[in-house]
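In case you want the letters, here they are:
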Amino acid sequence: MIRDDVVSALLRMNVSPNVLEDFPELPGEVEGLLVYGSQARGDAVPGSDLDVLALVAAPRPSTQSGDVNVSYYTREQLSTGIGTLFGAHLKRDAKMIWDNHGHLTRAVEDMGEVDTDRLLARARSMSELFTSPERDLPKYLPGLLRQARYLLRSCLYAQAIADGDSCFSVRELAVRHGDPYLARLLASRQPSEATVADFDECLSRLRGIIGEFPPSGHGSLEATVVNEWGRPSDVLAMAFMALGATGKGSDYAEMEKILL
Amino acid sequence: MSAEIAFVGDVHGNLSALRGLCHVLAARGGPHAVFLGDYVNKGAQSAEVMQELLAYSRAGRATLLAGNHEAALLDALDTGDLTAFLKMGGAMTIRSYVGAKVGPDVLRDFRARFPSEHLDAVRRMPETYESDDLVAQHIPPAASTPKFRITAHVPVGKLPRIGRHSAQLETGCGAESGRLTALLWPSRDYVQVDARGAIVTRGVG
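Residue positions are given per chain, counted from 1 along the sequence in the order it is written. Numbering of ligands from 1 and lettering of chains from A proceed in the order in which they are written. For a predicted model such as this one, the threshold for reporting local features is a pLDDT of at least 70, and the threshold for listing and counting side-chain atom pairs is 80 or more; totals across whole chains, interfaces and linings nevertheless cover every residue. Values shown for side chains rest on all heavy atoms present in the structure; no hydrogens or waters enter the calculation.

A. Structural context of the confidence of the model for chain B. Known as pLDDT, the predictor's per-residue confidence is scaled from 0 to 100. For chain B, the average pLDDT comes to 95, and 97% of its residues sit at 70 or higher. We note a pTM of 0.88 for the whole complex and an ipTM of 0.92 for its interfaces.

B. Geometry of the pattern of salt bridges. All names here are of chain A. In the sections that follow, a salt bridge refers to a side-chain nitrogen of Lys or Arg positioned within 4 Å of a carboxyl oxygen of Asp or Glu. Tallied over the entire structure, the rule returns 23 salt bridges over all chains. In this structure, the salt-bridge partner of aspartate 4 is arginine 3, at a minimum N-O distance of 3.9 Å. Exposure classes here rest on a 1.4 Å probe applied to the protein chains alone. A residue is buried below 20% of its type maximum, exposed above 50%, and partly exposed in between. Given the relative accessible area of 49%, aspartate 4 is considered partly exposed. Residue class for arginine 3 comes out partly exposed when judged on its relative accessible area of 23%. Arginine 41 is paired through a salt bridge with aspartate 93; the nearest N and O atoms lie 3.1 Å apart. Here the residue arginine 41 occupies a position in helix 3 (residues 38–41), and aspartate 93 occupies one in helix 5 (residues 85–93), the gap between them amounting to 52 residues. A residue is classified by how much of its surface remains accessible, and arginine 41, at 24% relative accessible area, is partly exposed. Numbering goes from the N terminus for both helices and strands, where a helix is a DSSP run of H or I of at least four residues and a strand is a run of E of at least two.

C. Summary view of the interface of chain A and chain B. What makes two residues a contact is simply this: any of their non-hydrogen atoms within 4.5 Å. Across the contact, 22 residues belong to chain A and 21 residues belong to chain B. Here the quantity called buried area is the total loss of accessible area, with a 1.4 Å probe, experienced by two parts when brought into contact, counted for both. Counting the surface lost from both chain A and chain B, the interface buries some 1800 Å², and carbon and sulfur atoms represent 60% of this. Run the count over chain A and chain B and you get two salt bridges. The salt bridge involving arginine 135 of chain A is made with aspartate 105 of chain B; its shortest N-O contact spans 4.0 Å. Residues adjacent in sequence count toward polar contacts only when both atoms are side-chain atoms; beyond that, a polar contact is any pair of N or O atoms within 3.5 Å, and within protein one must be able to donate a hydrogen and the other to accept it. Linking chain A with chain B are 11 residue pairs in polar contact (both at pLDDT 80 or more), by the criterion used here. The element contributing the most residues to the side of chain A that touches chain B is helix 12 (residues 221–228) of chain A, with six residues.

D. Representation of the nonpolar core in the model. If you look at the biggest cluster of nonpolar residues, it comprises 101 residues, and the most contacted ones within it are Phe130 of chain A together with Phe35 and Ile94 of chain B. When residues in this core are grouped by element, the largest group, 13 residues, is from helix 8 (residues 133–162) of chain A. Setting aside residues no more than four positions away along its own chain, isoleucine 94 of chain B makes contact with Val226 of chain A together with Leu82, Phe85, Leu86, Gly99, Val102, Val106 and Phe110 of chain B. Ranked by size, the runner-up nonpolar core spans 22 residues in total, among them Val15, Leu20, Ala40 and Val56 of chain A. What makes a nonpolar core is a set of buried Ala, Val, Leu, Ile, Met, Phe, Trp, Tyr and Cys residues whose side-chain atoms join them at distances within 4.5 Å.

E. Region of interest: helix 11 (residues 196–210) of chain A. Residues and elements named next belong to chain A. A helix is expected to span 1.5 Å multiplied by its residue count minus one. The terminal C-alpha atoms of helix 11 lie 21 Å apart, and with 15 residues this matches the ideal 21 Å at 1.5 Å per residue to within 8%. Those residues of helix 11 that are buried are in contact with helix 7 (116–126), helix 8 and helix 10 (181–186). At the C-terminal side of helix 11, glycine 211 shows a positive phi close to 85°.

F. Focus on the side chain of arginine 205 of chain A. Relative to the assigned elements, arginine 205 of chain A resides in helix 11. The residues contacting arginine 205 of chain A, other than those within four sequence positions of it, are Leu152, Asp179, Tyr181, Leu182 and Leu185 of chain A.

G. Spatial organisation of the packing of aromatic side chains. The aromatic pairing rule takes the rings of Phe, Tyr and Trp, using the six-membered ring of Trp, and pairs them if the centres are within 6.5 Å, calling planes under 30 degrees apart stacked, those over 60 edge-to-face and the rest tilted. Under the defined criterion, the tally for this structure stands at 12 aromatic pairs over all chains. Measuring from centroid to centroid gives 6.4 Å for phenylalanine 85 of chain B and phenylalanine 110 of chain B, while their planes differ by 10°, and the two rings are stacked. With a gap of 25 residues between them, phenylalanine 85 of chain B in helix 4 (residues 83–87) and phenylalanine 110 of chain B in helix 6 (residues 106–113) connect regions that are remote in the sequence. Grouping residues by exposure puts phenylalanine 85 of chain B and phenylalanine 110 of chain B together as buried. Here, a charge over a ring is recorded when the distance from Lys NZ or Arg CZ to the ring centre is within 6 Å and its angle to the ring normal is within 35 degrees. The aromatic ring of phenylalanine 213 of chain A is capped on one face by arginine 207 of chain A, whose charged end is 4.6 Å from the ring centroid.

H. Region of interest: helix 7 of chain A. Residues and elements named next belong to chain A. Buried residues of helix 7: Thr116, Leu119, Arg122, Ala123 and Met126, and no others. Each buried residue of helix 7 sits inside an arc of 120° when the element is viewed along its axis, so together they form one side. The exposed residues of helix 7 that point more than 90 degrees off its buried face are Asp117 and Arg118. Buried residues belonging to helix 7 abut helix 5, helix 8, helix 11 and helix 13 (234–242). By the N-cap criterion, in which a side-chain oxygen at the helix start approaches the backbone nitrogen of a residue two or three places on, helix 7 is capped by aspartate 115, the distance to aspartate 117 being 3.4 Å. Here the arc refers to the set of directions running from the helix axis out to each C-beta atom.

I. Expanded view of the pairing of strand 9 (residues 180–185) of chain B. Residues and elements named next belong to chain B. Along strand 9, six of the six residues are buried, which leaves the element largely enclosed by surrounding structure. Where burial is concerned, the two faces of strand 9 agree: the one with Leu180, Ala182 and Leu184 and the one with Thr181, Leu183 and Trp185 are both buried. Here, strands pair whenever DSSP counts at least two bridges between them. Bridging between strand 1 (residues 5–8) and strand 9 involves four bridges; their strand directions are antiparallel. Paired with valine 8 across the bridge in strand 9 is alanine 182. Taken together, the four bridges between strand 9 and strand 10 (residues 189–193) define a ladder with antiparallel strand orientation. Bridging across to strand 10, leucine 180 finds its partner in valine 193. Joining the antiparallel neighbours strand 9 and strand 10 is a turn of three residues, in which arginine 188 adopts a positive phi near 65°.

J. Region of the structure containing the packing of helix 5 (residues 91–98) of chain B against helix 6 of chain B. Residues and elements named next belong to chain B. Note on geometry: axes are C-alpha line fits, over the in-contact stretch for helices, and angles between N-to-C directions span 0 to 180 degrees. The geometry of helix 5 relative to helix 6 is characterised by a closest axis approach of 8 Å and an angle of 55° between their N-to-C directions. Taken as axis vectors, helix 5 and helix 6 run oblique relative to one another. Of the two elements, helix 5 crosses helix 6, and the hand of that crossing is left-handed. Contacts between helix 5 and helix 6 involve Thr93, Ile94, Tyr97 and Val98 from the former and Val106, Asp109, Phe110 and Arg113 from the latter. Residue polarity follows a fixed list, in which Ala, Val, Leu, Ile, Met, Phe, Trp, Tyr, Cys and Pro are nonpolar, Asp, Glu, Lys and Arg are charged, and the others, Gly among them, are polar. Looking at side-chain class alone, the contact of helix 5 with helix 6 contains five nonpolar, one polar and two charged residues. Roughly parallel means an angle under 35 degrees; roughly antiparallel, over 145; roughly perpendicular, 65 to 115; everything else is oblique. Left-handed describes a crossing whose near helix is turned anticlockwise from the far helix through less than a right angle; right-handed describes the clockwise counterpart.

This is how it looks when you write it as structure tokens:
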């Protein structure tokens, strides 16, 4: 399937032509393609991104062009989404664009249910990362805010599932919670630089769901990375991502792709 | 004194492999060894590997080139910004030098336990070793040269790649299943040890 066919299919799904102007050429090895997020649910608003997942044989980095995000997953990487929010989200909302061998459809069908109690307990253990702000915020605010947003969004999704009314739209959750600020706080595209105020807003809402955070066993983000290194743990994965993107990406140590 | 030279790929904190390989080389008459960089990170004994290599170097038995992991280490210590080094797996090196659980101020703990002689040595490490017929450096050079090129850095699997014009020696040392490789010049034979330092291969290039 070539780019024009993909774009035509997306136009039939009522994706805005403006967004599709930025749709990139896809590598020839792509075996399947789906849309997820607000464009798949049909509740996109002006400014909403288009989130596309492409199935490939070998791992490759995600791309962003204009408002179009393409994430590449191998079947193995997708299988790590079983039982996660990401998997449940795909299973509920994704719209298949094409699937050469049926592998992508099957991978999405296999995603299974989310254990929300376990997820919230994991989120609580990860939240220790936010308990040494005096030391960490001057240097790592952007990364920590990104992880706080990710954790808050995940906990809100999990809470909705636990309440028997799953929802993967932050705008819808903002309405449900009577908290209009939530939609802006959790928007995937942030118009301005990271602020401590947003960080605090995320944390207070997070505490409302998972309770007080356990104190950090290490006293700083950097110490968490050093002391936890080598034993795979949620808090290490969160800390590593909170370091942000710096230096040469090709030199980075490897971390798993799907977390919660 | 042997006229042979040994070129050694990434060590990455594996002291057993380093000692095992040096033992194998000693049995061949102890050729001068040119290490191609990346002594730290991944394996658990970065500090001990550095200590041992510096001793070889002081004794005139080894030349130590800088790899990108040494460059990141030096940059972290010079600028006081650990972020990029940590993203490369610098935690293993910091733990090795600090020797215990680090406190909240990681940079302070690391600097306090990183010997000045190691810092001086890393600062002095050249990037390239060159003779009439070969050029060796950590990262494969972009510019072409008529000389034989010896590099590491880019993983090539368990066995080195030894061609007519170049050799690549990064065989995964620092990981459980990795090996440490030495290319012997001018024969272009190679020797390898496994992660525990036991000899596994002697091949002809």
